[in-house]
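Structure at a glance
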Amino acid sequence: PRILATLLEASQHDAALASSLESDAFFELAHNPVTSRLIGVFHLGQRNARDPGIPRADLKPLLIESVGVVGAGIMGCGIAASHIRHDFSVSIVDVSELSLSKAIPPLLEEAAWDRESRAALPSRALELAGRLRSSTMLSSLRGSQLIIESVVERSDIKQAVLGELESMIGPETILATNTSTNPIEKLARFLSYPERFLGMHFFNPVRRMTLVEIIRGPATSDQTIVTVVAHAKRLGKCPIVVRDSPGFLVNRVLMPYLHEAVEMVREGVDVARIDRLSRRFGMPMGPLELYDMIGLDTAFYAGVVLSTAFGERIESSPVIPAMVRSGRLGRKSSAGFYQYSPKGKMLKPDQTIYELIEPYQLRTGEWSDDQITDRLFLPIVQEAALVLDEQIVREACDIDLAVIHGLGFPAFRGGLLAWADSLGASDILMRLKQFESLGSRMRPAPRLLDMARRGGSFYASMSKGPQ
């Protein structure tokens with residue numbers, strides 16, 4: 001709006017005055033706090049582009065040219081499409097010939113997607129087809145330098161596939177698993193060469209989501225990490241190295257946000273109001289809309305994993321399993337927190353869910369808009385502080401880039417922890433105090449208490465924080 005207003009005003013004056021008006025407007029925008037935060041995010045991206053993924057700089061990545069993908073589901077096809085789009089030769093394997101035959105045409109369309117025309121280019125799809133091979137035999141992947149397993153999220157099936165792959169590949173082939181929940185240590189337990197195995201967690205849809213979590217298992221070698229980090233960058237992705245732990249990074253910090261939204265629904269807060277306040281904060285969609293998009297059954301499973309690992313801090317809500325039992329799985333079943341058309345278009349909040357969750361209702365009083373916003377986002381800051389303390393990532397900027405690229409956290413706020421620093425630890429503690437009655441999940445993390453005592457910040461230890 002400021003730029004448009006300046007253009008309109010300048011068009012009514014001579015060149016000298018118009019130039020002066022534009023100069024003043026540019027100065028105003030360039031010195032705006034939002035501009036400063038966006039520049040900070042740009043610098044964090046530049047930092048990530050130079051980061052090899054490990055502290056040492058003497059190790060050079062191996063060059064990956066041929067890639068194998070196991071699994072022709074949505075994620076496997078998305079991963080394969082991303083590779084052939086970036087000039088890699090790809091072999092995709094699935095046990096079902098029918099699944100493969102159905103998957104190849106949309107895979108090539110995805111790879112040939114043109115941003116300007118917002119459509120797949122048939123000529124480009126034909127050109128890219130020459131880079132893709134398909135098979136029902138794992139042995140067809142013997143020549144691949146990197147193999148990404150993307151079968152169903154069951155550890156027993158993944159272990160079986162990975163074990164069979166390892167028995168037939170060369171000593172330098174890297175094995176990766178695309179998983180959002182399975183511990184790398186557990187999957188590597190029966191591998192003979194766990195040093196060349198790691199997690200490579202892509203996000204759906206692969207073409208649009210730039211984040212890739214590179215999950216380091218206990219035995220993963222530095223050489224494997226630097227090679228896969230460099231490879232992810234060749235795909236145009238933003239790789240963040242994460243230590244193996246429940247939920248890794250993004251799902252772990254996401255779950256408190258989702259959980260708090262459901263708790264507020266249990267307290268009688270309107271579904272649409274919660275999502276509206278989240279979008280007003282800057283998120284691309286609200287937490288309950290996100291639940292419906294992910295699928296309530298999928299979210300339930302992830303919630304159980306994190307609840308088992310972290311107890312009451314991220315406890316599993318009784319609302320989600322109740323909705324799943326009733327057949328409300330979200331967008332894919334046309335009913336969740338919202339109602340949907342047969343084609344998946346959101347219609348309106350489904351008021352009947354309040355009858356469904358009546359047995360689980362909570363009584364806590366009324367909350368203001370600001371309090372609802374704090375309840376959504378302060379638990380994420382809490383969990384991020386614990387992630388840093390546990391050294392799941394190396395620095396605050398890793399978390400900020402991950403939530404921007406993986407969750408759509410508003411870049412104009414500089415990232416999650418940059419936003420927290422703008423509030424200050426003392427202010428965060430004061431805001432958390434009003435939620436003491438909600439239990440341990442609102443109890444300040446040790447790092448926040450320490451920061452408040454000494455006037456510190458999340459970015460204080462970095463050589464160069466947000467600009």
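Computed from a prediction, not measured in an experiment: that's the story for all the values here.

Time to look at the environment of Ser123. Here Ser123 lies in helix H6 (residues 122-128). In the structure, Ser123 is positioned eleven residues away from Ala112 in sequence and 8.4 Å away in space, judged by C-alpha atoms.

Looking now at a nonpolar patch on the surface. Together, Ile3, Leu7 and Leu29 make up a nonpolar patch on the protein surface, roughly 270 Å² of accessible area in all. With respect to the helices and strands, Leu29 occurs in helix H2 (residues 15-30). A relative accessible area of 31% places Leu29 in the partly exposed class.

In this approach, a probe sized like a water molecule rolls over the atoms, and the result shows the empty space that is left. Scanning the model with the defined rule gives four cavities of 30 Å³ or more in all. Space inside the largest cavity adds up to approximately 110 Å³. The wall of the largest cavity is formed by Met255, His259, Tyr291, Ala299, Phe300, Gly303, Ile314, Glu315, Ser316, Ser317 and Ile320. For the lining of the largest cavity, the secondary-structure elements that each account for two or more residues are helix H10 (250-266) and helix H13 (296-310). The element best represented in the lining of the largest cavity is H13, accounting for three residues. Here the residues of the lining of the largest cavity are counted per class, giving six nonpolar, four polar and one charged.

Through backbone hydrogen bonds, the strands of a sheet pair up, either in parallel or in antiparallel fashion. Taken in spatial order, the eight strands of this open sheet run E5-E2-E1-E6-E7-E8-E9-E10, and their pairing is mixed. Only two strands of the sheet have a single neighbouring strand rather than two, namely strand E5 (132-135) and strand E10 (238-243). Sheet twist, expressed as the mean angle between neighbouring strand axes with direction ignored, is 25 degrees. Bridging between strand E7 (residues 174-177) and strand E8 (residues 197-202) involves three bridges; their strand directions are parallel. Bridge pairing links Leu175 to Phe197 in E8.

The next point concerns the pattern of salt bridges. Between side chains of opposite charge, a pair can form as their charged atoms come close. A complete count under the given rule lists 28 salt bridges for this structure. Arg394 is the salt-bridge partner of Asp51, the closest N and O atoms lying 2.5 Å from each other. Taken as a pair, Asp51 in the loop between helix H3 (33-50) and strand E1 (66-70) and Arg394 in the loop between helix H16 (369-389) and helix H17 (396-407) lie far apart in primary sequence, 343 residues in all. Judged by its relative accessible area of 17%, Asp51 is buried. Looking at Arg394, the relative accessible area reads 39%, which means it is partly exposed. A salt bridge links Arg375 to Glu260, with the shortest nitrogen-to-oxygen separation between them at 2.6 Å. Remark: Glu260 occurs in helix H10 and Arg375 occurs in helix H16; sequence separation between them is 115 residues. Classification of Glu260 as buried rests on a relative accessible area of 1%. If you follow the salt bridges from partner to partner, you end up with Arg56, Asp58, Arg216 and Asp222 in one network.

The N-to-C vectors of H10 and H17 enclose an angle of 70 degrees; their axes lie 10 Å apart at closest approach. By the angle between their axes, H10 is roughly perpendicular relative to H17. Along the contact surface, H10 presents Val250, Val253 and Leu254, while H17 presents Ala402, Val403 and Leu407. By residue class, the composition of the contact of H10 with H17 is six nonpolar, no polar and no charged.

A word on helix H4 (residues 74-85). Here H4 contains twelve residues, and its C-alpha end-to-end distance of 16 Å stays within 8% of the 16 Å for a straight helix at 1.5 Å per residue. With respect to burial, H4 is a largely interior element, ten of its twelve residues being buried. Along H4, the positions that sit buried rather than exposed are Met75, Gly76, Cys77, Gly78, Ile79, Ala80, Ala81, Ser82, His83 and Ile84.

Here we take up the side chain of Asp94. Here Asp94 lies in the loop between strand E2 (89-93) and helix H5 (97-111). At a separation of 2.8 Å, a polar atom in the side chain of Asp94 contacts the main-chain amide nitrogen of Ala72. Once residues lying within four places of it in the same chain are set aside, the contact partners of Asp94 are Gly71, Ala72, Ser99, Leu100, Ser135 and Thr136.

A large share of E8 lies buried, amounting to six of its six residues. Going residue by residue along E8, you find Phe197, Gly199 and His201 tucked away on one face and Leu198, Met200 and Phe202 tucked away on the opposite face as well. Looking at chain direction, E8 and strand E9 (residues 211-216) are connected through four bridges and run antiparallel. Considered in E9, the bridge of Met200 is made with Ile214.

The first and last C-alpha atoms of H5 sit 21 Å apart over 15 residues, in line with the 21 Å expected at 1.5 Å per residue. Largest kink in H5: about 30 degrees, centred on Ile104, with the proline Pro105 one to four residues after it. Along H5, the residues that are buried comprise Leu100, Ala103, Ile104, Leu107, Leu108 and Ala111. Buried residues along H5 sit in contact with H4, E2, strand E3 (113-114), H6 and E5.

Bringing the confidence of the model for the protein chain into the picture now. In this model, the protein chain carries an average pLDDT of 92, and 99% of its residues clear a pLDDT of 70 or more. Contacts for the low-pLDDT stretch residues 463-467, under 50 throughout, to residues beyond four places or in other chains number twelve contacts.

Calculation rules
Starting afresh in each chain, residues are numbered from 1 along the sequence in its written order. Only residues with pLDDT of at least 70 get local features here, since the model is predicted, and only at 80 or more are side-chain atom pairs given and counted; chain-wide, interface and lining totals rely on the full set of residues. As a rule here, side-chain values come from all non-hydrogen atoms in the structure, and water together with hydrogens is ignored. The helix and strand labels rest on DSSP assignments: H or I over at least four residues marks a helix, E over at least two residues marks a strand, and numbering proceeds from the N terminus. Put simply, a patch holds well-exposed residues, over 30% relative accessible area, that have no salt bridge, with like charges counted together within 9 Å and Val, Leu, Ile, Met, Phe, Trp or Tyr side chains within 5 Å. Only the protein chains shown count as cover for residues, and all accessible areas are computed by the Shrake-Rupley method using a 1.4 Å probe. What makes a salt bridge here is a side-chain nitrogen of Lys or Arg within 4 Å of a carboxyl oxygen of Asp or Glu, nothing more. Burial status follows relative accessibility: with a 1.4 Å probe on protein chains alone, a residue under 20% of its type maximum counts as buried, one over 50% as exposed, and anything between as partly exposed. Cavities and pockets were defined on a 1 Å grid built over protein atoms only: a cavity is a set of grid points that admits a 1.4 Å probe from which the probe cannot escape, a pocket is an open set flanked by protein on both sides within 12 Å along at least five of seven lines, and lining residues are those with an atom within 4 Å of any such point. Grid points are joined across faces, edges and corners, and a volume is the space filled by probe spheres set on the points. All amino acids are sorted into three groups, where Ala, Val, Leu, Ile, Met, Phe, Trp, Tyr, Cys and Pro are nonpolar, Asp, Glu, Lys and Arg are charged, and the leftover types, Gly among them, are polar. Only strands that DSSP links by at least two bridges are regarded as paired with each other. Inter-axis angles, ranging from 0 to 180 degrees, are taken between N-to-C directions of lines fitted to C-alpha atoms, where helices are fitted over the stretch in contact. To sort the angles, those under 35 degrees are grouped as roughly parallel, those over 145 as roughly antiparallel, those from 65 to 115 as roughly perpendicular, and the leftovers as oblique. Note on contacts: a residue pair qualifies if any of its non-hydrogen atoms lie within 4.5 Å across the two residues. Take the residue count of a helix, subtract one, and multiply by 1.5 Å to get its expected span. Side-chain atoms alone can form a polar contact between residues adjacent in sequence; in general such a contact is a pair of N or O atoms within 3.5 Å, and within protein one must be able to donate a hydrogen while the other accepts it. The term bend refers to the angle at a residue between two fitted axes, each drawn through seven residues, those ending there and those starting there. One number per residue, pLDDT, summarises how confident the predictor is, and it ranges from 0 to 100.

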